[in-house]
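Structure assessment
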Protein chains: 4
Amino acid sequence: MIKTAIIGASGYTGFELMRILLAHPEAELVAVTSRQYKGRMVADVFPALAGLTRLSFTDTDDLNSIGEAELVFTALPHGTSQEVVSQLAGNGSNIIDLSADFRLKEPDVYREWYGEHTACKLLQEAVYGLPELHRDQVRGAKVVANPGCYPTSAILGLAPLLRAELIETKNIVIDAKSGVSGAGRGATLATSFVEVNDGFKAYSVGVHRHTPEIEQELSLLAGEGIKVSFTPHLLPVSRGILSTIYATLRQEITTEALLSVYADLYVDEPFVRLMGMDVFPNISQVRGSNYCDIGVRADGRTGMVTIVSVIDNLIKGASGQAVQNMNIMYNLPEETGLSTYPDPI
Amino acid sequence: MIKTAIIGASGYTGFELMRILLAHPEAELVAVTSRQYKGRMVADVFPALAGLTRLSFTDTDDLNSIGEAELVFTALPHGTSQEVVSQLAGNGSNIIDLSADFRLKEPDVYREWYGEHTACKLLQEAVYGLPELHRDQVRGAKVVANPGCYPTSAILGLAPLLRAELIETKNIVIDAKSGVSGAGRGATLATSFVEVNDGFKAYSVGVHRHTPEIEQELSLLAGEGIKVSFTPHLLPVSRGILSTIYATLRQEITTEALLSVYADLYVDEPFVRLMGMDVFPNISQVRGSNYCDIGVRADGRTGMVTIVSVIDNLIKGASGQAVQNMNIMYNLPEETGLSTYPDPI
Amino acid sequence: MIKTAIIGASGYTGFELMRILLAHPEAELVAVTSRQYKGRMVADVFPALAGLTRLSFTDTDDLNSIGEAELVFTALPHGTSQEVVSQLAGNGSNIIDLSADFRLKEPDVYREWYGEHTACKLLQEAVYGLPELHRDQVRGAKVVANPGCYPTSAILGLAPLLRAELIETKNIVIDAKSGVSGAGRGATLATSFVEVNDGFKAYSVGVHRHTPEIEQELSLLAGEGIKVSFTPHLLPVSRGILSTIYATLRQEITTEALLSVYADLYVDEPFVRLMGMDVFPNISQVRGSNYCDIGVRADGRTGMVTIVSVIDNLIKGASGQAVQNMNIMYNLPEETGLSTYPDPI
Amino acid sequence: MIKTAIIGASGYTGFELMRILLAHPEAELVAVTSRQYKGRMVADVFPALAGLTRLSFTDTDDLNSIGEAELVFTALPHGTSQEVVSQLAGNGSNIIDLSADFRLKEPDVYREWYGEHTACKLLQEAVYGLPELHRDQVRGAKVVANPGCYPTSAILGLAPLLRAELIETKNIVIDAKSGVSGAGRGATLATSFVEVNDGFKAYSVGVHRHTPEIEQELSLLAGEGIKVSFTPHLLPVSRGILSTIYATLRQEITTEALLSVYADLYVDEPFVRLMGMDVFPNISQVRGSNYCDIGVRADGRTGMVTIVSVIDNLIKGASGQAVQNMNIMYNLPEETGLSTYPDPI
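About the thresholds
Residues numbered from 1 in each chain as written. Chains lettered and ligands numbered in written order. Predicted model: local features only at pLDDT ≥ 70, side-chain atom pairs only at ≥ 80, totals over all residues. Heavy atoms only, no water. Pairing = 2+ DSSP bridges. Helix = DSSP H or I, 4+ residues; strand = E, 2+ residues; numbered from the N terminus. Least-squares fit on C-alpha atoms with pLDDT ≥ 70 in both. Contact = heavy atoms within 4.5 Å. Buried area = accessible area lost by both parts, 1.4 Å probe. Salt bridge = Lys/Arg side-chain N within 4 Å of Asp/Glu carboxyl O. Polar contact = N/O pair within 3.5 Å; in protein donor to acceptor, adjacent residues only side chain to side chain. Nonpolar A, V, L, I, M, F, W, Y, C, P; charged D, E, K, R; others polar. Axes fitted to C-alpha atoms, helices over the stretch in contact; angles between N-to-C directions. Parallel < 35°, antiparallel > 145°, perpendicular 65-115°, else oblique. Left-handed = near helix turned anticlockwise from the far one by under 90°. Buried < 20%, exposed > 50% of the residue type's maximum accessible area, 1.4 Å probe, protein only. Right-handed = clockwise from strand over helix to strand, strands pointing away.

Strand order across the open sheet formed by seven strands is β3-β2-β1-β4-β5-β7-β6 (chain D), with parallel pairing between neighbours. Strands at the two margins of the open sheet, each flanked by one partner only, are β3 (57-58) and β6 (127-128) of chain D.

Next up, the structure:
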């Protein structure tokens, strides 16, 4: 049994991590921390877990409170995560960090979008934990930077086309839509029910911090620098991300041929499912699961390709992918503890 | 008082037309027809109107039942509208047709996307009723083809840029999201609550019938043939459309300069509102109103422009625009009966 | 033109008051105050009102900022309203107070449920502004206590039966469900989208502060002290209240006879609509309007009556009723500015 | 491995049964039938199950198509289930029937609420499968009538009080609210997104067919005939039932004492969770799980008790309870295959 802890467990990703780890057959959850709820029973804060755990939240500011955990999930706001991860790494823990702090390899890029980085050495060691692209590095990693939710859906949607050099690297458009849980569990007017219900909007147009993360991985795939037009939107749903992606085809190609390019890359992937001809996924069909479902279509009229990629932002976009990374690090079958069937109802 | 009638009044656009016309100070609603509800009191079918009208639905198949109406709104499914409009025109009525039957000027294009057209002569006479572009023709029209909901938001969002020749005419992407009322009031599994709630999906990817309508008007503006990548999505809200539009800038330009290009075209428009720098509209801010709200941003990093355009699909995207067209045809102030303030709550 | 002001205009009831008053043909809105937004343009805070008003928020703490308003709507939290209303009354203003501060006639009852009252004399003068029961007193009032949202729906639902002495005064059950806007516009975890969406719960079971307000008016109607079982619930909708009310019939009576008892009381009421036999209202059918719609059924099996009463909590349950009271105070037709047709879509 | 089949598997309860049985460690799903989808792959009809099953729907009208299943779940409309269950019973299958056909023990009562019963003998043999009340009979049953969703929440909420004779048997009020999936998967205007979204209504007031089922079990508990006022409402959520129940206390009693009465009955129940003092459950906290969560409060002011009982209507209210019954019939630990943690997000 892998002894695990979660630092910053009272948000939505923390909660989902608890749900998954409490039921994981090869992991034990020994500690969960929360500044806001320290000292309170988890089951009192989250009545859904009544009768399912006797854990109480310990203090995030006291790292000793994680006890004998050998693997620590950090789910803290970006910026504050760096220091905690550094300390934990110094103590010899393995770490899967769900913040943005260790995702951008270039300190300069991090500085431009987030601010100064105070753990640049560790940044170099950290592995970007998108298993479908970096499984081998994850296997030996001490610190895994768990990918952002938008980047996961966008990168998995574009990887096969870039790898096969089928699309222009200019004018890539990623129009992404996310459920509200992606904004976290803090109480804000912008995420209050009345403001969100029956509404829909774009936000952070042209300036969202997931942009450089997407560009880093796409550039790596293409072997050249790529800039994308990325626009996130806020959906009036609790969970789920759908990215609609547009790119210019370098040559005429059928949808059928495109699908086989996707199949080449993803055939053995346990958590990527390809839709058939003219079928596009709904976010509801992956709800509660670690799947990324992808549909694709070549448009002869315009010479462009349209890709639709969906994930559950809290699972494949956060906590599920974190556990997938844990499974890889500990040589477990990758689906262990992640075999919940999606529930679209 | 303009005597009006609605043919096919039991759908959502029909209902909104009734609401607007019943309260319109210069119009009288003398008849409403419905195959499904013929003989029933409007207020029984729509309890929201209890005490507000004594009208009963007459039979759609009996055009005499519209009595002395001089202006007829037809809200029938495409294909079936042609014949009814032809008959009404023959009887000397003025007509505002909310179907797609008279929007596409080229019979060949109509045939490709919808099927054979049986009233090609009338098609040539009909005016595409987007007041912001064709106000003068609407003024003298006998038959107005009321624009589609998606096209209204997309065309108003792109018109200033095409007219000013600021963008490439290739690679225009229109990623549009609509509330469920856009699919009509018929009972289908795809629009049932459980299927839609908490879900989100693209549909008719690359093949939606509003594509040629958008292309017709954009081509007219650009003076050259334009093909667009248009992807509609189904939002889990009842009403509202948001189109996020991407195009490649022909030259470097600031957002400020772009905004002034938009202001040039729309400064006197009663129903177009421009957002300020870095402000983008939410569908909720136009709910229940005839406004089209537009935000725009030039992106120096990518050389592209992002436009966000929102409307209430049932008002500016259908019934409100129809009444705006009526006001123009009858030389009334364009806001008459359309001054309801939006309610975002 | 009645010159009006709103103290505390940045909440949802304040916003709806602005919407109604800006369009009211006999009222002018000269000032709106907000602590949070003082100095900011109303149209910037609420983009739905872009182009519709040039007002800016003034400072709630500076009562001079309301200028020449002769009628002031106060929409402040209970407890803080007392002092402001006292000052305004001292200045000679007419006041319609939307807080709970002047609704309970007995200072002891106020103390028990809210705390000490510091303006007991004014409390005696204030009129409980439910027009259907107290129209004559409202006509001559200087201070109107605008009823709570739950009480409005519950009292209108029960008044005919109590007045006609048709039900037992014991064991009355009021099971009420409200949209989230009833909780105000403050950002809290409990009213955040993710917590509310797809959820439903009872709250303040047995201890909600609207209980004594309901009991005060029901007791007045019955001529004896009444205690009710009142349970509010939080609906995952933005607006609307539905109260399902149960009482024991004193004698056998048909639903038809019950309906005629309701008709006796409400036949001339402009804002109460009775449903027919076996028809019960949906909150959506009054949305955006000042109507209270009521359905009723006698159950021979159990000897009980079931009443369903719906309102829009922000209109008939708050801002619409406040304007209805203004119309009465100023001898205007009661529907002035309140004739918006409900929109159920 | 228990070989199982589902007759009528294409509705929401059928889908949830598939999800649970496909993942059940001691059951094998060998056949699923559907009139509508016969011949189609399950994973095509329900893309959420892509890659998770190779089953195709067989024809409901060909009972041989269930092959070697020894336990059959029937999820057919009431009325049509009787004959199929009779045939299956004749073939020696064990049956868990999710329709209403075998729940009412008295043929006369069945006739009054549903129509003629054509399998009265089997009706007498069938066991009402509410494990918390009838576990021993379920153990030896051949035909289990799986309880209705509303009855499950109402009966579990009232059982401890009736058994302990703490409440009057008159004037019991059950005000119940259900998510839309309770209405089934058929396409109807009443359950379409636009009609349900932002709405809320009571329906079947005083005449809902779950009334006699509730009364049958409450009468059994009380040892005397009980009639209840039962009002169902339609919540704008996909799943979940919350019943708020009101009864008159026979004597003064504290909430603490009430809670201990509930604990007496439910302490060993794996799927009933009691809330603490002044805590009431939200439907979201049982979502996706087989739990029934109950909160209770004695009200000294009114002499009444208020009980709030929540379930997931598709799990404890249908498919989960059916599998719980299967586990009991086959002497498996009751939680087998039902240990999914609820997910409130």
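Laying chain A over chain B is done by rotating through 180 degrees and shifting 0.0 Å along the axis; what remains is an RMSD of 0.0 Å. On the angle and the small slide along the axis, the relation comes out as a two-fold axis. By residue overlap, the copies meet face to face through one surface: 100% of the interface positions of chain A are interface positions in chain B.

We now examine the interface of chain C and chain B. Listed by partner, the interface residues are 25 residues for chain C and 25 residues for chain B. Of the roughly 2300 Å² buried between chain C and chain B, counting both surfaces, carbon and sulfur atoms make up 60%. Interface area lost by chain C to chain B is led by R19(C), Y341(C) and I345(C), which between them contribute 32%. Connecting chain C to chain B are four salt bridges. The interface formed by chain C and chain B contains 16 residue pairs in polar contact (both at pLDDT 80 or more). Ranked by the residues each element gives to the side of chain C that touches chain B, the list is headed by helix α1 (residues 12-23) of chain C, at five residues. A class-by-class count of the residues in the side of chain C that touches chain B yields 14 nonpolar, five polar and six charged.

Let us now look at the relation of the copies chain C and chain B. For the match of chain C to chain B, the screw axis carries a shift of 0.0 Å, the RMSD comes to 0.0 Å, and the turn is 180 degrees. The residues that chain C uses at the interface reappear at the interface of chain B in 100% of cases, marking a shared surface.

In this section: the packing of helix α6 (residues 131-139) of chain C against helix α11 (residues 315-329) of chain C. Residues and elements named next belong to chain C. Interaxial distance between α6 and α11 falls to 9 Å at its minimum, and their mutual angle equals 40 degrees. Taken together, the axes of α6 and α11 lie oblique to each other. At the point where α6 passes α11, the crossing takes the right-handed sense. Contacts between α6 and α11 involve P131, E132, R135, V138 and R139 from the first element and K316, Q321, Q324, N325, I328 and M329 from the second. Tallied by class, residues from the contact of α6 with α11 come to four nonpolar, three polar and four charged.

What follows deals with the pairing of strand β5 (residues 94-97) of chain D. Residues N94(D) and I96(D) line one face of β5(D) and the alternating positions I95(D) and D97(D) line the opposite face, and both faces are buried. On the question of chirality, the crossover connecting strand β4 (residues 71-74) of chain D to the parallel β5(D) by way of helix α3 (residues 81-90) of chain D is right-handed.

What follows covers the interface of chain A and chain B. Contact with chain A, which involves 46 residues of that partner, is made by 46 residues of chain B. Both sides of the chain A and chain B interface together cover about 3600 Å² of buried area, and 56% of this is carbon and sulfur. Considering only the side of chain A, the residues that lose the most area to chain B are D198(A), F200(A) and R301(A), jointly responsible for 18% of the buried surface there. Where chain A touches chain B, the interface holds four salt bridges. D175(A) is paired through a salt bridge with K177(B); the nearest N and O atoms lie 3.0 Å apart. Applying the counting criterion to the chain A and chain B interface returns 20 residue pairs in polar contact (both at pLDDT 80 or more). Breaking the side of chain A that touches chain B down by element, the ones donating at least two residues are β8 (173-178), α8 (193-196), β9 (201-202), α9 (210-222), β10 (229-234), β11 (241-248), β13 (292-299) and β14 (304-311) of chain A. Classifying every residue of the side of chain A that touches chain B gives 20 nonpolar, 15 polar and 11 charged.

As a further point, take the sheet that holds strand β2 (residues 27-33) of chain C. Residue and element names in this part refer to chain C. Pairing within the open sheet is parallel, and its seven strands lie in the order β3-β2-β1-β4-β5-β7-β6. Two strands close off the open sheet at either side, each with one partner strand: β3 (57-58) and β6 (127-128). Where strand β1 (residues 2-7) meets β2, five bridges bridge the pair, whose relative direction is parallel. Within the sheet, the bridge partner assigned to K3 lies in β2 and is E28.

On to the environment of R35(D). Residue and element names in this part refer to chain D. Counting through the fold element by element, R35 comes out in the loop between β2 (27-33) and α2 (42-45). Look at R35 and you get exposed, because its relative accessible area is 52%. Between the C-alpha atom of R35 and that of V109, which follows or precedes it by 74 residues, the distance is 30 Å. Look past the residues within four positions of R35 in its chain and what remains in contact with it is T60 and D61. At 2.8 Å, the side chain of R35 forms a polar contact with the side chain of D61.

The next thing to look at is unusual backbone geometry. Even without glycine at this site, N171(A) takes up a positive phi of about 65 degrees. Looking at the secondary structure, you find N171(A) in the loop between α7 (149-163) and β8. Unusually for a residue other than glycine, N331(C) sits at a positive phi of about 55 degrees. Tracing the sequence through the fold places N331(C) in the segment after α11.

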